[in-house]
Protein chains: 2
Amino acid sequence: MSTRAAPGGTSRVAAPTRREQILREAARLFAERGFHGVGVDEIGAAVGISGPGLYRHFAGKDAMLAELLVGISERLLEGGRARVEASAGDPDTLLAALVDGHIDFALDDRPLITLHDRELDRLRDDDRHRVRQLQRQYVELWVATVRDLHPATPESEARAAVHAVFGLLNSTPHLGSGLPGRGATEALLRRLAHGAFGALGVPGA
Amino acid sequence: MSTRAAPGGTSRVAAPTRREQILREAARLFAERGFHGVGVDEIGAAVGISGPGLYRHFAGKDAMLAELLVGISERLLEGGRARVEASAGDPDTLLAALVDGHIDFALDDRPLITLHDRELDRLRDDDRHRVRQLQRQYVELWVATVRDLHPATPESEARAAVHAVFGLLNSTPHLGSGLPGRGATEALLRRLAHGAFGALGVPGA
DNA sequence: GCGCGCGGTTAGTGACCGTTAACGTCCTTC
DNA sequence: GAAGGACGTTAACGGTCACTAACCGCGCGC
């Protein structure tokens, strides 16, 4: 069958594989109702096949979640590393780039952002450790950058600040509707994040 | 039996009711593994009774979650309103008080904070609407204060900013260990939150 | 044109889980 | 000191759910 790659050669954005379709819908459903709250029949129905047909593509429900979480963590870290390379050592532009990248991610892949810190414990041990390790490395990228900018900040504090800003940036799923529009939201989040980090510089009361 | 009220008259902090014990453990377990991920037997075991004994205290598993979520929402709103009263109309001190109150809450009741935005959809319709309504009112308190301080900010933007700062303040559960210590964390979150809100004033690029 | 494997289907199975039933045991109270 | 209720227990039931079994059409390579 293949179903892959457009036949005519004009391989536009590439039609999504069945696997990709399934992952997409599974991510949405898991984010909406929680891993245990979604049945395989629902996931199947969301892509037009029914129930056990999913087992032609994945070993099980767990495998879908694992692939989602590992994938997202890898992409985040990869993106972060690319920005470190591109920053040529300037921590100011690097932090700005990291913030922008994370905002893009948060706005483009809302369900994944939600899953990322919510369903980690449902993974098999090895997958969970892998995801944790990737997450840790991503955080360390940020922590190093922040401490580069604010050398007086102790490490534990910098790490807490980074997690806090993640919480800030990842808050968009809670606003389902009523967002000020993509561009404005992007700008707003950017301003808020930089405002928060900026407060690290002035240890006032 | 009663089990309530210390016998000698020195009624210290008051021994927790069985109900309260259950709610406490249920909150912890729900936060750790998700509502559907926890069995009633586990909740029972956590308080030393087993399985169906819970039904002497609650109508069902849903009832526990409902009581937790409604309770937390009510306490948040109540605390917020009290601070509005106490602020005597000064938006600066009011915002500071709201931030401090929310930080206390986030640090004292981590499991509840987690549940609050994660398991809302598992509620029966009426309970869910009640919680949503309480949450909405709490948010509006903040939005009004923020707009009082930054009149140029459009409402949708102020609301998004408030949600974002909630995400920031509620990030502490993600730091399980490695927090800089209660006092330092409190101070850090306060600085970050005010830094973020402060950035609303300067709409620069 | 024939196998064959890919991607579906429906039916069934075993486990788990929330809830109820039936029963027992103290403590309290008159 | 008997009655009654608060608080547990274990056993069982019913439903749901992930997963497996058995079966099937169809497009492709040879």
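Residues numbered from 1 in each chain as written. Chains lettered and ligands numbered in written order. Predicted model: local features only at pLDDT ≥ 70, side-chain atom pairs only at ≥ 80, totals over all residues. Heavy atoms only, no water.

- By the naming in an unreviewed UniProt entry, chain A is AcrR family transcriptional regulator, taken from Streptomyces candidus.

### Some words on the UniProt feature "domain: HTH tetR-type" (unreviewed entry) in chain A
Part 1 of the argument: UniProt marks residues 16-76 of chain A with the feature "domain: HTH tetR-type" (unreviewed entry), using the numbering shown here.
Part 2 of the argument: From the first C-alpha to the last, residues 16-76 of chain A spans 21 Å; its make-up is 64% helix and 0% strand. (UniProt positions renumbered as here; feature names shortened; annotations may be inferred. Helix = DSSP H or I, 4+ residues; strand = E, 2+ residues; numbered from the N terminus.)

### Comments concerning the relation of the copies chain B and chain A
In this arrangement, two copies of a chain are superimposed by a rotation about an axis accompanied by a shift along the axis.
Part 1 of the argument: With an RMSD of 0.1 Å, the fit of chain B onto chain A corresponds to turning through 180° and sliding 0.0 Å along the axis. Given the turn and translation reported, the copies of this chain are related as if by a two-fold rotation axis.
Part 2 of the argument: A share of 100% of the interface residues of chain B reappears at the interface of chain A, consistent with the copies meeting face to face through the same patch. (Least-squares fit on C-alpha atoms with pLDDT ≥ 70 in both. Contact = heavy atoms within 4.5 Å.)

### Points about the domain arrangement of chain A
Residues and elements named next belong to chain A.
Part 1 of the argument: Structurally, chain A comprises domain 1 (16-58) and domain 2 (61-199).
Part 2 of the argument: With 17 residues of domain 1 in contact, the opposing surface of domain 2 contributes 13 residues.
Part 3 of the argument: Overall, the association of domain 1 and domain 2 removes approximately 1,300 Å² of surface from exposure, summing both partners, and the carbon and sulfur fraction of that is 76%.
Part 4 of the argument: A salt bridge links Arg19 to Glu67; the nearest nitrogen and oxygen atoms lie 2.5 Å apart.
Part 5 of the argument: Linking domain 1 with domain 2 are four residue pairs in polar contact (both at pLDDT 80 or more).
Part 6 of the argument: Taken together, the elements giving at least two residues each to the side of domain 1 that touches domain 2 come down to helix 1 (18-33) and helix 2 (40-46). (Domains from an automatic or database assignment. Buried area = accessible area lost by both parts, 1.4 Å probe. Salt bridge = Lys/Arg side-chain N within 4 Å of Asp/Glu carboxyl O. Polar contact = N/O pair within 3.5 Å; in protein donor to acceptor, adjacent residues only side chain to side chain.)

### Here we look at the nonpolar core
Part 1 of the argument: Core analysis: the biggest nonpolar cluster contains 117 residues, and A:Trp142 and B:Trp142 have the highest contact counts within it.
Part 2 of the argument: Beyond its immediate chain neighbours, meaning those up to four positions away, A:Trp142 contacts A:Leu95, A:Leu98, A:Val99, A:His102, A:Val162, A:Phe166, A:Leu169 and A:Phe197. (Core = buried A, V, L, I, M, F, W, Y, C linked by side-chain atoms within 4.5 Å. Buried < 20%, exposed > 50% of the residue type's maximum accessible area, 1.4 Å probe, protein only.)

### Looking at the packing of aromatic side chains
Residues and elements named next belong to chain A.
Part 1 of the argument: All chains considered together, the criterion is met by 10 aromatic pairs over all chains.
Part 2 of the argument: Each ring, one from Tyr138 and one from Phe166, has its centre 5.6 Å from the other, and the planes form 15°; the classification is stacked. Highlighted residues: Tyr138 in helix 6 (residues 125-149) and Phe166 in helix 7 (residues 155-169), separated in sequence by 28 residues.
Part 3 of the argument: On the basis of relative accessible area, Phe166 is assigned to the buried category, the value being 9%.
Part 4 of the argument: Sitting over the ring of Phe35, Lys61 keeps its end group 4.4 Å from the ring centre. (Phe/Tyr/Trp six-rings, centres within 6.5 Å; stacked < 30°, edge-to-face > 60°. Lys NZ or Arg CZ within 6 Å of the ring centre and 35° of its normal.)

### Re the interface of chain B and chain A
Part 1 of the argument: Listed by partner, the interface residues are 33 residues for chain B and 34 residues for chain A.
Part 2 of the argument: Of the roughly 2,900 Å² buried between chain B and chain A on both sides combined, carbon and sulfur atoms contribute 62%.
Part 3 of the argument: Of all residues in chain B, the largest losses of buried area upon contact with chain A belong to B:Arg118, B:Arg191 and B:Leu192, amounting jointly to 20% of the total for that side.
Part 4 of the argument: At the junction of chain B with chain A, the criterion picks out eight residue pairs in polar contact (both at pLDDT 80 or more).
Part 5 of the argument: Of all elements in the fold, only helix 1 (18-33), helix 7 (155-169) and helix 8 (182-198) of chain B reach the threshold of two or more residues within the side of chain B that touches chain A.
Part 6 of the argument: Of the residues in the side of chain B that touches chain A, the class split is 14 nonpolar, 11 polar and eight charged. (Nonpolar A, V, L, I, M, F, W, Y, C, P; charged D, E, K, R; others polar.)

### Examining the protein's contact with DNA strand D
Part 1 of the argument: A:Tyr55, A:Lys61, B:Arg18, B:Arg56 and B:His57 are the nearest of the 15 residues found near DNA strand D.
Part 2 of the argument: Taking all atoms of DNA strand D within 4 Å of the protein, the share assigned to sugar and phosphate is 50%.
Part 3 of the argument: When the residues that make up the surface near DNA strand D are grouped by side-chain class, the tally is six nonpolar, five polar and four charged. (Near = heavy atom within 4 Å.)

### Structural notes on the protein's contact with DNA strand C
Part 1 of the argument: If you check the shell around DNA strand C, you find 16 residues, and the closest are A:Arg18, A:Arg56, A:His57, B:Tyr55 and B:Lys61.
Part 2 of the argument: Considering DNA strand C, the proportion of its atoms within 4 Å of the protein that are sugar or phosphate atoms stands at 56%.
Part 3 of the argument: At a separation of 3.0 Å, a phosphate oxygen of DNA strand C approaches a polar backbone atom of A:Ser50.
Part 4 of the argument: Here a phosphate oxygen of DNA strand C sits 2.9 Å away from a polar atom, N or O, in the main chain of B:Val40.
Part 5 of the argument: Here the surface near DNA strand C is composed, by residue class, of seven nonpolar, five polar and four charged.

### Details of helix 4 (residues 91-108) of chain A
Residue and element names in this part refer to chain A.
Part 1 of the argument: An ideal rise of 1.5 Å per residue puts 26 Å on 18 residues; helix 4 measures up with 25 Å between its terminal C-alpha atoms.
Part 2 of the argument: Along helix 4, the positions that sit buried rather than exposed are Pro91, Leu94, Leu95, Leu98, Val99, Gly101, His102, Ile103, Phe105, Ala106 and Leu107.
Part 3 of the argument: As for helix 4, its buried residues are in contact with helix 3 (61-86), helix 5 (110-116), helix 6, helix 7 and helix 8 (182-198). (Expected span 1.5 Å × (residues − 1).)

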